[in-house]
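What follows is the residue order along each chain.
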Amino acid sequence: MSRLFNPAAAGLLVLAAFGFNESNVGSAEIDALYARGTEAPAGALRVFHLGHSLVGRDMPAMVAQLAGADHRYESQLGWGTTMKEHWEPGTSIKGFELENGHPRFRPAREAVSSGDYDAFVLTEMVEIKDAVRYFDSSIYLKRWADAGWKANPQARIYLYETWHPLDDPEGWLQRIDRDLSRYWEGRILVPALRDRAIHVIPAGQVLGRFVREVEARGGVGNVADRSALFTDGIHLSDLGTYLVALTHVAVLYHRDPLGLPHELQRADGSVANAPDAEAARLMQEIVWAVVTSYPKTGVRAHEL
């Protein structure tokens, strides 16, 4: 566990290695920001999802089914879209019309300025190393966060950690292990921090932990190996989508997902391919173990 989940100061070590130090908070302040955790929400949430195909339509729809009838959400998506491209007026977003041709679409700048949302979930494009090098990821995370808090000071801002192609030459699991501190924290999250915490939805860490467990056992239920979680080299299958949706629910609602339904629908109402009971239980157990072991989720250890 400790190899995957670095302490809050790990991000600062990465910053030093890159000579990158935009943040006005030091390691002690970062520790304090995340040691406090957050309170579990008192009721249903309204959530906005901003990103690309690793968000997709089906994952937020599954979150809504798992969270309960009063959960509400909208989104703005693109193809490989950066936080910068979503922010800047007049920027052409690839796949915009296709990805947002559904009732849950809302223009992102309108949404973040409305004050309507309890939680705003953003992610960055993949390849993540290119995003931080060329598209000012930390600057735009801070701009989105500041806009959300200006409209609703009680809103929670989340950075959704994703993943990279299965055939990455560095090794898929190896990058899952390393990229959390060196990119997601060190180059995006920590430089954007000031005096409020931006929390993390650690989907990459959950995927990595689940894959390790499944492959160590030679398969679990109807999940034989990592390929069952994907439709191609990077996009999620229904099984992978379910696992990532569980992670969102656990973080957003501080909810242990053990026992949640595993037979769900896609966004279009069709029946999703479901993990069987054995695989679903392992998914749920691993999600909660990861979420409660990583302080930047905001889910405190006493909620175990």
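Residues numbered from 1 in each chain as written. Predicted model: local features only at pLDDT ≥ 70, side-chain atom pairs only at ≥ 80, totals over all residues. Heavy atoms only, no water.

Caption draft 1: Local environment of the environment of Leu77. On the secondary structure map, Leu77 appears in strand β2 (residues 72–77). Leu77 sits in the buried class, given a relative accessible area of 0%. Other than its neighbours up to four places away in sequence, Leu77 contacts Gly51, His52, Val55, Gly56, Arg57, His86, Ile93, Phe96, Glu99 and Asn100. (Helix = DSSP H or I, 4+ residues; strand = E, 2+ residues; numbered from the N terminus. Buried < 20%, exposed > 50% of the residue type's maximum accessible area, 1.4 Å probe, protein only. Contact = heavy atoms within 4.5 Å.)

Caption draft 2: Broad picture of the packing of helix α10 (residues 203–217) against helix α11 (residues 238–253). Packing of α10 against α11 brings their axes to within 10 Å, and their N-to-C directions diverge by 130°. Taken together, the axes of α10 and α11 lie oblique to each other. Note on packing geometry: the crossing formed by α10 with α11 is right-handed. Taken together, the residues of α11 that come into contact with α10 (itself represented by Ala203, Val206, Leu207 and Phe210) are Leu243, Val244 and Thr247. (Axes fitted to C-alpha atoms, helices over the stretch in contact; angles between N-to-C directions. Parallel < 35°, antiparallel > 145°, perpendicular 65-115°, else oblique. Left-handed = near helix turned anticlockwise from the far one by under 90°.)

Caption draft 3: How the structure looks around the packing of α10 against helix α12 (residues 277–291). Relative orientation of the contacting elements α10 and α12 amounts to 135°, with a least axis distance of 9 Å. Classified by the interaxial angle, the pair formed by α10 and α12 is oblique. For the pair α10 and α12, the crossing hand works out as right-handed. Facing Gln205, Val206, Arg209, Phe210, Glu213, Val214 and Arg217 of α10, the residues of α12 in contact are Ala279, Leu282, Met283, Ile286, Val287, Ala289 and Val290. Residues belonging to the contact of α10 with α12 are distributed by class as follows: ten nonpolar, one polar and three charged. (Nonpolar A, V, L, I, M, F, W, Y, C, P; charged D, E, K, R; others polar.)

Caption draft 4: Representation of the sheet that holds strand β5 (residues 199–202) in the model. Read across the sheet, five strands follow the order β2-β1-β3-β4-β5 without closing on themselves; strand pairing throughout is parallel. The sheet is open, and its two edges are formed by β2 and β5, each paired on a single side. Taking the axes of each pair of neighbouring strands and ignoring which way they run, one obtains an average angle of 20° across the sheet. Note: strand β3 (residues 119–122) against strand β4 (residues 156–161), four bridges, orientation parallel. When the bridges of β4 are listed, Phe120 appears paired with Ile157. Where helix α9 (residues 172–192) meets the sheet, it contacts β4 and β5, and its direction lies at approximately 145° from that of β4. (Pairing = 2+ DSSP bridges.)

Purely spatial values, then, with no claim about function.
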